[in-house]
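Results of the structural survey
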Amino acid sequence: MKIKLTFVFIILLGLQVFPQATKITGSWLGKLKIQEFELRLVFNISNEEGTLKATMDSPDQGAKGIPMGEVSFIDNQLIVKAPALRGEYKGTLEDNIIKGTWSQNGQVFDLSLEKQENALNVNRPQEPQPPFNYSVQEVTFKNTNGGHQLSGTLTIPKGEGAFPAVVLITGSGAQNRDEEIFGHKPFWVIADYLTKNGIAVLRCDDQGVGKSGGSQFNTTTYDYSFDAEAAYRFLQNDERINKKQIGFAGHSEGGLIAAIAAERLGEIGFFISLAGPALPGKEIIRLQVEKIMEVQGVPKEIIDKELEWQSAFSEILIQEKNNQKAWEKINKVYSEHKKIEGLDQDVIQKEIMQLNQKFPIVTYNWMRFYLKTDPAQFLKHLKCPVLVLNGEKDVQVLAAPNLEAFDEIFKKSGLEDYELHELKGLNHLFQPSKTGLPNEYGSIEVSFSEEVLQLMKDWILKKFSTN
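All of these numbers come straight from a predicted model, not from anything done at the bench.

Side note on empty space enclosed by the protein
Each pocket or cavity is described by its volume, and for the largest cavity that value is around 30 Å³. Taken together, Glu179, Pro186, Phe187, Ile190, His251, Leu274, His428, Leu429, Phe430 and Phe448 form the lining of the largest cavity. A per-element tally of the lining of the largest cavity places helix H2 (residues 186–196) first, with 3 residues. Residues that form the lining of the largest cavity fall into these classes: 7 nonpolar, 2 polar and 1 charged.

Structural notes on the sheet that holds strand S1 (residues 26–34)
Paired through their backbone hydrogen bonds, the strands of a sheet run either parallel or antiparallel. The strand order S4-S3-S2-S1-S9-S8-S7-S6-S5 describes an open sheet built from 9 strands, whose pairing is antiparallel. Every interior strand has two partners, whereas the edge strands, strand S4 (63–67) and strand S5 (71–74), have only one. Between one strand axis and the next, the sheet turns through 25 degrees on average, direction left out of account.

As for the pattern of salt bridges
Where charged atoms of side chains with opposite charge meet at close range, the side chains can pair. Counting across every chain of the model gives 25 salt bridges. With a closest N to O distance of 3.4 Å, Glu127 and Lys185 form a salt bridge. Linking Glu127 in the loop between strand S9 (107–116) and strand S10 (134–143) with Lys185 in the loop between strand S12 (163–169) and H2, this pair joins segments that are 58 residues apart in sequence. The salt bridge partner of Glu283 is Arg286, with a shortest N-O separation of 3.1 Å. One end of the pair, Glu283, and the other, Arg286, are both in helix H5 (residues 281–295), 3 residues apart, so they sit about a helical turn from each other. Residue classification places Glu283 among the partly exposed positions, given a relative accessible area of 30%.

The rules behind each value
Residues numbered from 1 in each chain as written. Predicted model: local features only at pLDDT ≥ 70, side-chain atom pairs only at ≥ 80, totals over all residues. Heavy atoms only, no water. 1 Å grid on protein atoms, 1.4 Å probe; cavity = no way out; pocket = protein on both sides within 12 Å on 5 of 7 lines; lining within 4 Å. Points joined across faces, edges and corners; volume = space filled by probe spheres on them. Helix = DSSP H or I, 4+ residues; strand = E, 2+ residues; numbered from the N terminus. Nonpolar A, V, L, I, M, F, W, Y, C, P; charged D, E, K, R; others polar. Pairing = 2+ DSSP bridges. Axes fitted to C-alpha atoms, helices over the stretch in contact; angles between N-to-C directions. Salt bridge = Lys/Arg side-chain N within 4 Å of Asp/Glu carboxyl O. Buried < 20%, exposed > 50% of the residue type's maximum accessible area, 1.4 Å probe, protein only.

Below, the structure written as structure tokens:
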């Protein structure tokens, strides 16, 4: 995820391989489309004494030099096996373009490759580079509720404290402390900027990721909130930090995690929502699916069918607490849904397999909690200053309906010290974007908007300038 040849056959084969190898050696770039995402893949093919070898780069995922297995190129037919990835590429060379498919874990994707004159370099100009004019400290602390260790990086400004501090909380999926995605490290960029401006920052690997213990399997948003609480309590024991000026900044699902932890902790210093949800999870997902397909130009009748299936999927998970029974019901309903589309049984079985790879049963606990949870039940308890930031181009957590929900929640709760901002032209990662679709994330050089960085910094320092 060899056959031993005679000396004569090696000589004869060599007469055929070397001209072929000349055509195929080099770096070949392709774009793999997976639903709304687009990943660049680079196959680096070399000829080592008559034997073709290859590595693969996935620049949008920050992966480079992934070793491939056996490589063959005969009669313009290229096959690259990838046992470590449980994958394989097959293609045909036609006029400097290889037209083919990438297969992995039972799924097959079209993937054409084009030869590159130079190696592909992913430019990330905002990524911080040493030397740093602040303290960078590797830290570990324990989540006493889960019983596992968490590992992170604490950056503290130079000079005398005590400093205000923020705990950064990642969005959904297995994220490292930099919230690294498509070669971007937005949390590293945020931490560097804020710390240079007098604000300490703690960012951690999610549990079960990097150097942190715990597990991603069968873990819910509520479970992750205890990691955020542990980070908050860790900072309270650092004499360089002002105990009354410690806050949360949660991105996407991290905003919900932060709200749960803040409600349990009681009074915290401040709360920042970065594209965080204020609507129930079921509504977030419905709006997300609808908006992404709409921006992609999908016809309304197809969108309606997808929303119908999405609603059925959500209801099964919410109502059926037994994961095995939920799995069986989901597969049955999905099969019936596909039969209505007129697909034959073989195609349906393949699509069911892909569905279960996309949503394995070990994610059901997380999905069930997210779908049925209304953030309002936690947000309404906030008593601290709140800053809510949403990108106008965000297709994952839509700005307008969520900002309206935040406003309604805080008005009802009586919270007075809050700000809501819809930031023009920015996507879910707070990058300047044309469409907001996830397939743009990796191709955009900006990792995190300078405008948003300054807004966060100014807001925090204004709140604590006289404290």
